[in-house]
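# Remarks on the overall topology
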Amino acid sequence: MIIDKDKLDWIQVDLTARCQAMCLECARNIEGVTVNPYIGKSNTWDMPLEIFQKAVTPSMFKSNLKKILLNGNFGDPCIHPNFLNIADYVVQSVLHSHDSNNFNFTVATNGAMFDNEYWAKVGKTLSPLSGHKVQFALDGLEDTHSIYRRNTKYEDIIEHVKSFTEHGGKAVWQFIIFEHNVHQVDEARKRASDLGMEFRLVGDPNMNSGGARSYQNTVDNLRTEHKETDSNVRVGQQTKKEKEVVVSKVKNESIKKAESHIQTEAVKKVNELTNTHKNLNPSVKDINDLLDTAKISCQYYENKGMYIEYDGTVWMCCWTGDMHKRKERAFGGAKFDTDQWDHIQNKFGDNFNSLHHHTFDEILNHEFFVSYLDKTFNNTRYHPDTPRIHTCAKTCIWNKNFSK
């Protein structure tokens, strides 16, 4: 199947692999301690403006494109050294070629970098486009926000939000639910309203899925004084300035419990769906059977959306874009991703989906997007030539909603 870039409804772009934060589940780091070595050298972390313009072309603004999301697996778009120029390119392109009232330009950020003057500039740059939003990651209040969103400070973000909105910016408070902050949802919603921010809750406040994890005991103190000889302590270079911070290791018990619950519910849910939809596969026995047989719903095909990595590589989504940076050696549990990326790379070479080497049209006409993906969706993860991509199976199984 070929998807014309000018028929895409939306596109997500990861502008950079830079970030001053060290969030505990981010693909940019390993266990919240060291930077993922597979994201490359720092001089490759920032997408050049000309590559962004190859990813989001003038013709796309004039055709079907309705949304651009700057949000990535590895970095924060607002820390990109050329972010203001990239944002202005989007704003001006929309204003000159699109119904700006119906165009969604969303930027996701931790919002803690730089100063008030910078955020005033961001507000001024985005203000001409009525459909813009900046989502500030505020996962709690003064006493809880930094437990997960490490190396960021609640008070700094609030001041940046004020500067941003005072200069025409539209802000969203994005609140990810954890066990350590769930009791603060109502107060956070009130503060967002007082600041003129939209409030967006991520997760289930009733924690029915088991997916609301606890980090209260993970980091006893963000600047703890543990001895280096303690087996529960590791030391890492935490920030862009190479500032050394000592932190406790991630405790995985609650995460494992959540994953086990979700897997059980996944099998149960798909079997329920099978009983009511005769065109689906027969009942599945366990999670591996599910991952190898259930129908995959790919946003690339069904929602006409795509993802561009900071290195200029083109992917169906951010989950598959993550795959080639999560090597087994760095993330012990990613053997499927490692083996499958090696298989794809051996089959198609290093640069088949790179905007540094091809146009967007050439990439979308490549065998990988035209026919290879279709074949993988209809095979198991163990097929010798076109194995089902494990990331696709675990992320986009048909009607995947196992939270209840």
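Below you will find a few notes about this structure. All of these numbers come straight from a predicted model, not from anything done at the bench.

### Some remarks on the overall build of the protein chain
The helix and strand tally for the protein chain stands at 15 helices and 12 strands. The buried share of the protein chain, taken over its 404 residues, is 52%. When contacts within the protein chain are restricted to residue pairs at least 6 apart in sequence, long-range pairs at least 24 apart make up 72% of them. Only carbon and sulfur atoms are counted for the fraction: they give 47% of the accessible area of the protein chain, which is about 18,500 Å².

### Here's the deal with the state of the cysteines
According to the stated counting rule, one finds zero disulfides in the structure shown. The cysteine Cys 23 is free of any disulfide, with Cys 26 supplying the nearest cysteine sulfur at 6.3 Å. Unpaired in terms of disulfides, Cys 298 finds its nearest cysteine sulfur in Cys 392, a separation of 6.1 Å. According to the relative accessible area criterion, Cys 298 is buried, its value standing at 7%.

### A short note on the nonpolar core
Counting residues in each nonpolar core, the largest one holds 80 residues, and the members touching the most others are Phe 52, Ile 68, Phe 105, Phe 136, Trp 173, Tyr 300 and Phe 360. Sort the elements by how many residues they give to this core and helix H3 (residues 83–97) lands first, with seven residues. Residues within four places of Phe 52 in sequence aside, it is in contact with Val 13, Leu 15, Met 47, Leu 70, Ile 86, Tyr 89 and Val 90. Ala 21, Cys 23, Tyr 148 and Ile 176 belong to the second largest nonpolar core, which has seven residues in total.

### What about the packing of aromatic side chains?
In this structure the tally under the stated criterion is 20 aromatic pairs. Summarising the aromatic geometry, the rings of Trp 119 and Phe 164 are spaced 6.4 Å apart at their centres and angled 85 degrees between planes, so their arrangement reads as edge-to-face. Here Trp 119 is found in helix H4 (residues 116–126), whereas its partner Phe 164 is found in helix H6 (residues 154–166), with 45 residues between them in sequence. Take Trp 119 and Phe 164: they sit in the same class, and that class is buried. Measuring from ring centre to ring centre gives 5.0 Å for Phe 368 and Phe 369, while their planes differ by 90 degrees; the resulting arrangement is edge-to-face. With respect to burial, Phe 368 and Phe 369 carry one shared label: buried. Over the aromatic face of Trp 45 sits the side chain of Arg 28, whose NZ or CZ is 5.1 Å from the ring centroid.

### Topic: the sheet that holds strand S6 (residues 132–137)
Spatially, the eight strands line up as an open sheet ordered S8-S7-S6-S5-S4-S1-S11-S12, and their pairing is mixed. Bordering the open sheet on either side are strand S8 (198–202) and strand S12 (314–315), each of which pairs with just one other strand. Of the strand pairs in this sheet, strand S4 (residues 67–70) and strand S5 (residues 104–109) are connected by four bridges, and their pairing is parallel. Residue Ile 68 lies in a different strand from S5, and its bridge partner there is Phe 105. Set on the sheet, H4 makes contact with S5 and S6; between it and S6 the angle comes to about 150 degrees.

### Focus on the packing of H4 against H6
Packing of H4 against H6 brings their axes to within 7 Å, and their N-to-C directions diverge by 35 degrees. In terms of crossing hand, the pair formed by H4 and H6 is right-handed. Contact residues: Asn 116, Trp 119, Ala 120, Val 122, Gly 123 and Leu 126 in H4; Glu 159, His 160, Ser 163 and Phe 164 in H6. For the contact of H4 with H6, the per-class residue count stands at five nonpolar, four polar and one charged.

### Digging into helix H14 (residues 367–377)
Those residues of H14 that fall on the buried side of the exposure criterion are Phe 368, Phe 369, Tyr 372, Leu 373, Thr 376 and Phe 377. Buried residues of H14, seen end-on, are gathered within an arc of 130 degrees and therefore sit on one face of the element.

### Observations regarding helix H7 (residues 185–194)
Of all the positions in H7, only Val 185, Ala 188 and Ala 192 are classed as buried. For H7, the buried positions fall inside an angular range of 65 degrees around the axis, keeping them on one side. For H7, the exposed residues lying more than 90 degrees away from the buried face are Asp 186, Ser 193 and Asp 194. Here the buried face of H7 lies against strand S7 (171–176) and S8. Following H7 by one or two positions, Gly 196 has its phi on the positive side, about 75 degrees.

### Description of the side chain of His 160
Take His 160: it is sitting in helix H6. Residues in contact with His 160, not counting those within four places in the same chain, are Gly 111, Ala 112, Met 113, Phe 114, Asp 115, Asn 116 and Trp 119.

### Remarks on the packing of H3 against H4
Close contact between H3 and H4 brings their axes to 9 Å; oriented N to C, the two are set at 15 degrees. With respect to each other, H3 and H4 are oriented roughly parallel. H3 and H4 meet at a crossing whose hand is right-handed. On H4, the residues that touch Phe 83, Leu 84, Ala 87, Asp 88 and Val 91 of H3 are Tyr 118, Lys 121, Val 122, Thr 125 and Leu 126. Of the residues in the contact of H3 with H4, the class split is seven nonpolar, one polar and two charged.

### Remarks on unusual backbone geometry
The phi dihedral of Phe 114 falls on the positive side, at around 65 degrees, and the residue is not glycine. Mapping Phe 114 onto the fold places it in the loop between S5 and H4. Unusually for a residue other than glycine, Lys 304 sits at a positive phi of about 50 degrees. Tracing the backbone shows Lys 304 in the loop between helix H10 (299–302) and strand S11 (305–308). You can call Lys 304 partly exposed: its relative accessible area is 37%.

Cut-offs applied
- Residues numbered from 1 in each chain as written.
- Predicted model: local features only at pLDDT ≥ 70, side-chain atom pairs only at ≥ 80, totals over all residues.
- Heavy atoms only, no water.
- Helix = DSSP H or I, 4+ residues; strand = E, 2+ residues; numbered from the N terminus.
- Buried < 20%, exposed > 50% of the residue type's maximum accessible area, 1.4 Å probe, protein only.
- Contact = heavy atoms within 4.5 Å.
- Areas by Shrake-Rupley, 256 points an atom, 1.4 Å probe, with all protein chains shown as cover.
- Disulfide = S-S within 2.5 Å.
- Core = buried A, V, L, I, M, F, W, Y, C linked by side-chain atoms within 4.5 Å.
- Phe/Tyr/Trp six-rings, centres within 6.5 Å; stacked < 30°, edge-to-face > 60°.
- Lys NZ or Arg CZ within 6 Å of the ring centre and 35° of its normal.
- Pairing = 2+ DSSP bridges.
- Axes fitted to C-alpha atoms, helices over the stretch in contact; angles between N-to-C directions.
- Left-handed = near helix turned anticlockwise from the far one by under 90°.
- Nonpolar A, V, L, I, M, F, W, Y, C, P; charged D, E, K, R; others polar.
- Arc of directions from axis to C-beta.
- Parallel < 35°, antiparallel > 145°, perpendicular 65-115°, else oblique.

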